[in-house]
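Now for the letters of each chain:
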Amino acid sequence: MSERFAQFKLVLLGESAVGKSSLVNRFAKDRFDEFRQSTIGAAFLTQSVRLEPDTVIKFEIWDTAGQERYKSLAPMYYRNANCAVVVFDLTSSTSLGRAKSWVKELQLQASDNIVIALAANKADLTSKRQVDREEAAEYAREAGLLYFETSAKTGESVKEMFKAIAERMPIED
Ligand code: GDP
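In the annotation of an unreviewed UniProt entry, the protein is listed under the name Ras-related protein Rab-5B and assigned to Wickerhamiella sorbophila. Database annotation for the protein, UniProt heading Sequence similarities (unreviewed entry): "Belongs to the small GTPase superfamily. Rab family." As stated in UniProt under Subcellular location (unreviewed entry), the record for the protein gives "Cell membrane".

Okay, structure coming up:
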């Protein structure tokens with residue numbers, strides 16, 4: 001049986017230190033390093049997801065730096081992206097505010113059919129949670145986003161999130 005293969009561009013956006021690089025590291029290498037260097041500008045890597053029975057989706061992942069000084073570079077990465085993961089830290093309500101403004105920007109400026117997932121990261125830090133799950137999920141529903149509560153540290157829902165995005169990619173027969 002022949003395999004179907006398709007490649008898509010994915011961009012990660014979100015405030016600095018919410019865990020973007022850690023999520024990519026967990027997804028691509030199944031690892032978590034507590035003391036990673038922060039991303040300068042943007043980092044690139046690829047990782048594939050297998051969808052049963054015979055489809056392989058390869059993501060070209062652009063992990064952008066969250067610092068304000070790199071903000072003007074973001075359009076270069078999301079302009080022709082097929083999908084985006086907008087990340088916030090569920091122990092920081094200001095990071096959710098920042099995520100919402102990235103979503104707005106994407107919905108105005110990125111391609112019309114971009115698939116956006118909202119990742120509420122650091123789900124392992126339950127006692128420090130500042131963002132209510134229902135509120136965030138409701139916002140995501142209204143804005144037409146996939147919503148996952150993830151932990152790059154434990155791996156919770158990380159593969160599931162990328163798989164759900166892969167399942168929404170347009171694949172031609
Ligand atoms: P980025 O700037 O958004 O790429 O964030 P990083 O991936 O560099 O992570 C920022 C900090 O948060 C680092 O100290 C990570 O170890 C930590 N971190 C990232 N994801 C998680 C997570 O899911 N749980 C916990 N407890 N810490 C995390």
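Tallying secondary structure elements over the protein gives five helices and six strands in all. Listing the helices and strands of the protein from first to last along the sequence gives β-α-β-β-α-β-α-β-α-β-α. In terms of overall dimensions, the protein is globule-like: its C-alpha atoms have a radius of gyration of 15 Å, near the 16 Å expected for 173 residues. With the C-alpha coordinates of the protein rotated into their principal frame, the extents come out at 50 × 35 × 35 Å. When the 173 residues of the protein are sorted by exposure, 50% land in the buried category. Expressed as a percentage of contacts within the protein between residues at least 6 apart in sequence, the contacts between residues at least 24 apart total 72%. Carbon and sulfur atoms make up 47% of the accessible area of the protein, which totals about 9200 Å². One way to put it: in the protein the 24 positive side-chain charges average out to a point 5 Å from where the 25 negative ones average out.

Take the site of the ligand next. Taken together, 18 residues are adjacent to the ligand, and Ala 17, Lys 20, Ser 22, Asp 124 and Ala 152 come closest. A distance of 3.3 Å separates an oxygen atom of the ligand from a polar atom in the backbone of Lys 153. Here the ligand loses 85% of its free accessible area of 580 Å² to cover by the protein chains. Here the shell around the ligand gets three residues from one element, more than from any other, and that element is helix 1 (residues 20-29). When its residues are assigned to classes, the shell around the ligand shows five nonpolar, six polar and seven charged.

This paragraph deals with the nonpolar core. In this structure, Leu 10, Phe 59, Val 85, Met 161 and Ile 165 are the most contacted members of the largest nonpolar core, which totals 29 residues. Listing elements by their share of this core, those giving two or more residues are strand 1 (4-13), helix 1, strand 2 (42-51), strand 3 (55-64), strand 4 (83-89), strand 5 (115-121), strand 6 (146-149) and helix 5 (158-167). Among the elements that make up this core, the one with the highest residue count is helix 5 (six residues). Once residues lying within four places of it in the same chain are set aside, the contact partners of Val 85 are Leu 10, Val 11, Leu 12, Leu 13, Ala 117, Ala 119, Met 161, Phe 162 and Ile 165. Core analysis: the next-biggest nonpolar cluster, separate from the first, contains 28 residues, Tyr 77, Ala 99, Ala 120 and Val 131 among them.

Taken together, the buried positions of helix 4 (residues 133-143) are Ala 136, Ala 137, Tyr 139 and Ala 140. Take helix 4 and look down its axis: the buried residues cluster within an arc of 160°, on one side only. Projecting away from the buried face of helix 4 at angles above 90 degrees are the exposed residues Glu 134, Glu 135, Arg 141 and Glu 142. Against strand 4, helix 3 (93-109), strand 5 and strand 6 lie the buried residues of helix 4. One side-chain oxygen at the N-terminal end of helix 4 lies 3.3 Å from the backbone nitrogen of Glu 134; it belongs to Asp 132. In the stretch just after helix 4, Gly 144 is the one whose phi turns positive, near 75°.

It is worth spelling out the pairing of strand 3 at this point. Among the 10 residues in strand 3, seven count as buried, and that is most of the element. Sheet topology places strand 1 next to strand 3; nine bridges connect them, and they run parallel. When the bridges of strand 3 are listed, Gln 7 appears paired with Lys 58. For strand 2 and strand 3, the ladder comprises 10 bridges, and the chain directions are antiparallel. Looking across to strand 3, one finds that Ala 43 is bridged to Asp 63. Turn length for the strand 2-strand 3 hairpin, with the two strands adjacent in sequence and antiparallel, is three residues.

What counts and what doesn't
Every chain's residues receive numbers from 1 upward, in the order its sequence appears when written. Residues qualify for local features only when their pLDDT is at least 70, as the model is predicted, and side-chain atom pairs are given and counted only at 80 or more; totals for whole chains, interfaces and linings, by contrast, use all residues. Excluded from the side-chain calculation are hydrogens and water; included are all heavy atoms of the structure. UniProt positions are given in the numbering used here, feature names are shortened, and annotations may be inferred rather than shown by experiment. Counting from the N terminus, the helices are DSSP H or I runs at least four residues long and the strands are E runs at least two residues long. Within these notes, the globule rule equals 2.2 Å times the number of residues to the 0.38 power, and the radius of gyration is based on C-alpha atoms. Each residue gets one of three labels from its accessible area relative to the maximum for its type: buried under 20%, exposed over 50%, partly exposed in between, using a 1.4 Å probe on protein chains only. The criterion used for residue contact is that any of the two residues' heavy atoms lie within 4.5 Å. For the accessible areas, the method is Shrake-Rupley and the probe is 1.4 Å, while residue cover comes only from the protein chains on display. We score Asp and Glu as negative and Lys and Arg as positive, and we do not count His or the chain ends. To locate a charge, take NZ of a lysine, CZ of an arginine, CG of an aspartate or CD of a glutamate. Throughout, near means a residue has at least one heavy atom within 4 Å of the molecule or strand. Think of a polar contact as two N or O atoms within 3.5 Å of one another; within protein, one of them needs to be a possible hydrogen donor and the other a possible acceptor, and neighboring residues in sequence only count if both atoms come from side chains. The residue classification treats Ala, Val, Leu, Ile, Met, Phe, Trp, Tyr, Cys and Pro as nonpolar and Asp, Glu, Lys and Arg as charged. All others, Gly included, are polar. For this analysis, a nonpolar core means a set of buried residues of the types Ala, Val, Leu, Ile, Met, Phe, Trp, Tyr and Cys, connected via side-chain atoms within 4.5 Å. Note: the arc covers the axis-to-C-beta directions of the helix. When DSSP locates at least two bridges between a pair of strands, those strands are taken to pair.

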